[in-house]
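Summary of the model geometry
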Amino acid sequence: MSTLAHTTMMTAARSADSGLAGPGELDRYPYAEAPVADRVATPSWEAADPELGRVGRRAAGSRGRGLHGQLVQQLGQMIVSGDLGADRPLVPEEIGQRFEVSRTVVRESLRVLEAKGLVSARPNVGTRVRPVSDWNLLDPDIIEWRAFGPQRDDQRRELSELRWTIEPLAARLAAGHGREEVQQRLGDMVEIMGHAMGQGDSLTFSRADAEFHSLLIQVAGNRMLEHLSGIVSAALQVSGGPVTGCDRPNESALTQHARIVDALASGDGAAAEGAMRQLLTVHPEVERVVPAPREH
């Protein structure tokens, strides 16, 4: 039986063509002190969640490890939520004092946020928050932060629309790649989902579901689609949005997954695409954000 695993999307750093420092370039110059005028506008770190206290006391569920991963999570959430607005200066010394972490931890955390497009660093200017238009909105962390912040409704709607665009095409393309071992693995995931649903085990169901969808995209034979598989994994981990066939275990969802596997086995791309569209269609009890498949 296949091991369940979540696929992590590779994220690319922003280009340095804009004149901004790229990842790995932060050590080429020291962080500059923000000009006096800017320091007046320095954000109040007391706006952070008062229950968090020191970064080291945060829950171990943060993406990443140790103080560095926790600080990335905290600062990322503050930026995405708007607590730290665009063009606000981020002074490493102040961050270190607020969260009681070393300069090294702050430096490494800001480097990660820069790779995600959330901040930029320039000589003699320092580090500042970048506008939303510069963020890597396909980064799994940013997807998660938006999904559980003030932009949660927009993020979940956008994810539903994006999945409805990506996955039916991937299903059609995957039907042209008759790899028995892949079809067997997909079948294994459907079997696991069925067993988990019978046991009321929603966690195992969701893990098998995530592997099913990620694997399907990876075998579509399109490397650009494969690069987007992390979006689907992130979307499946975000709950509370428009309810699709994948958002909660039910017989209909299981049936559609099985239909996809059968269509792949027979090389029927149209049937695989149709089953996927049906699976991703928003249920009628909630607002429809994607169109229902046409009846032929």
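Scroll up for the structure.
Overview of the structure.

Thresholds, definitions, all that
Residues numbered from 1 in each chain as written. Predicted model: local features only at pLDDT ≥ 70, side-chain atom pairs only at ≥ 80, totals over all residues. Heavy atoms only, no water. Helix = DSSP H or I, 4+ residues; strand = E, 2+ residues; numbered from the N terminus. Contact = heavy atoms within 4.5 Å. Phe/Tyr/Trp six-rings, centres within 6.5 Å; stacked < 30°, edge-to-face > 60°. Lys NZ or Arg CZ within 6 Å of the ring centre and 35° of its normal. Pairing = 2+ DSSP bridges. Core = buried A, V, L, I, M, F, W, Y, C linked by side-chain atoms within 4.5 Å. Buried < 20%, exposed > 50% of the residue type's maximum accessible area, 1.4 Å probe, protein only. Axes fitted to C-alpha atoms, helices over the stretch in contact; angles between N-to-C directions. Salt bridge = Lys/Arg side-chain N within 4 Å of Asp/Glu carboxyl O. Expected span 1.5 Å × (residues − 1).

A word on the side chain of Lys-116
Its place among the elements puts Lys-116 in the loop between α4 (103–115) and β2 (119–122). Not counting residues within four places of it along the chain, the set of residues in contact with Lys-116 comprises Trp-135, Asn-136, Asp-139, Asp-141, Ile-142 and Trp-145.

So, the packing of aromatic side chains
One pass over the structure, following the stated rule, counts zero aromatic pairs. If you follow Arg-98 out to its NZ or CZ, it ends over the ring of Phe-99, 4.9 Å from the centre. Positioned above the aromatic ring of Trp-164 is the side chain of Arg-277, whose terminal nitrogen or guanidinium carbon lies 4.5 Å from the ring centre.

Re the pairing of strand β3 (residues 126–129)
As paired strands, strand β1 (residues 89–90) and β3 are joined by two bridges and run antiparallel to one another. For Pro-89, the partnering residue across the bridge sits in β3 and is Arg-128. Sheet topology places β2 next to β3; four bridges connect them, and they run antiparallel. Looking at β3, one finds that Val-119 is bridged to Val-129. Counting the residues between successive antiparallel strands, the hairpin from β2 to β3 contains three residues, one of them, Asn-124, with a positive phi of roughly 65°.

Concerning the nonpolar core
Ranked by size, the top nonpolar core spans 29 residues in total, and within it Leu-186, Phe-212, Leu-216, Ile-260, Leu-264 and Met-276 carry the most contacts. Put simply, the parts of the chain that give this core at least two residues each are α6 (152–174), α7 (180–199), α8 (202–218), α11 (251–266) and α12 (269–280). If one sorts the elements of this core by residue count, α7 sits on top with eight residues. Setting aside residues up to four positions removed in sequence, Met-276 forms contacts with Glu-167, Pro-168, Ala-171, His-213, Leu-216 and Ile-260. Counting 21 residues, the second-largest nonpolar core is a separate cluster that includes Leu-75, Val-101, Leu-118 and Trp-145.

So, the environment of Glu-158
By the element assignment, Glu-158 lies in helix α6. By relative accessible area, Glu-158 is classed as partly exposed at 30%. Along the primary structure Glu-158 and Ala-235 are separated by 77 residues, whereas in three dimensions their C-alpha atoms are 9.8 Å apart.

Observations regarding unusual backbone geometry
Look at Glu-100: it is not a glycine, yet its phi comes out positive at around 55°. Secondary-structure assignment places Glu-100 in the loop between α3 (92–99) and α4. The exposure class of Glu-100 is partly exposed, given its relative accessible area of 48%.

A short note on the sheet that holds β1
Ordered in space as β1-β3-β2, the three strands form an open sheet in which the pairing is antiparallel. Both edges of this open sheet fall to β1 and β2, since each of them pairs with a single strand only. Most of the contacts of α4 go to β2, to which it runs at about 115°, and overall it touches β1, β2 and β3.

Looking at the pattern of salt bridges
What the rule picks out here adds up to 14 salt bridges. Salt-bridge contacts for Arg-185 lead to Glu-211; the nearest nitrogen and oxygen are separated by 2.6 Å. Of this pair, Arg-185 sits in helix α7 while Glu-211 sits in helix α8; the two residues are 26 residues apart in sequence, bridging distant segments of the chain. Its relative accessible area of 33% is what places Arg-185 among the partly exposed residues.

Concerning helix α2 (residues 66–81)
Its 16 residues place the ends of α2 23 Å apart at the C-alpha level, agreeing with the 22 Å of an ideal helix rising 1.5 Å per residue. Residues of α2 that are buried include every one of Gly-69, Gln-70, Leu-71, Val-72, Gln-73, Gln-74, Leu-75, Gly-76, Met-78, Ile-79 and Val-80, and no others. In the core, the buried residues of α2 are packed alongside α3, α4, β2, β3 and α5 (140–147). Of the residues trailing α2, Gly-82 is marked for its positive phi of about 95°.

Taken by themselves, the reported measurements are silent on function.
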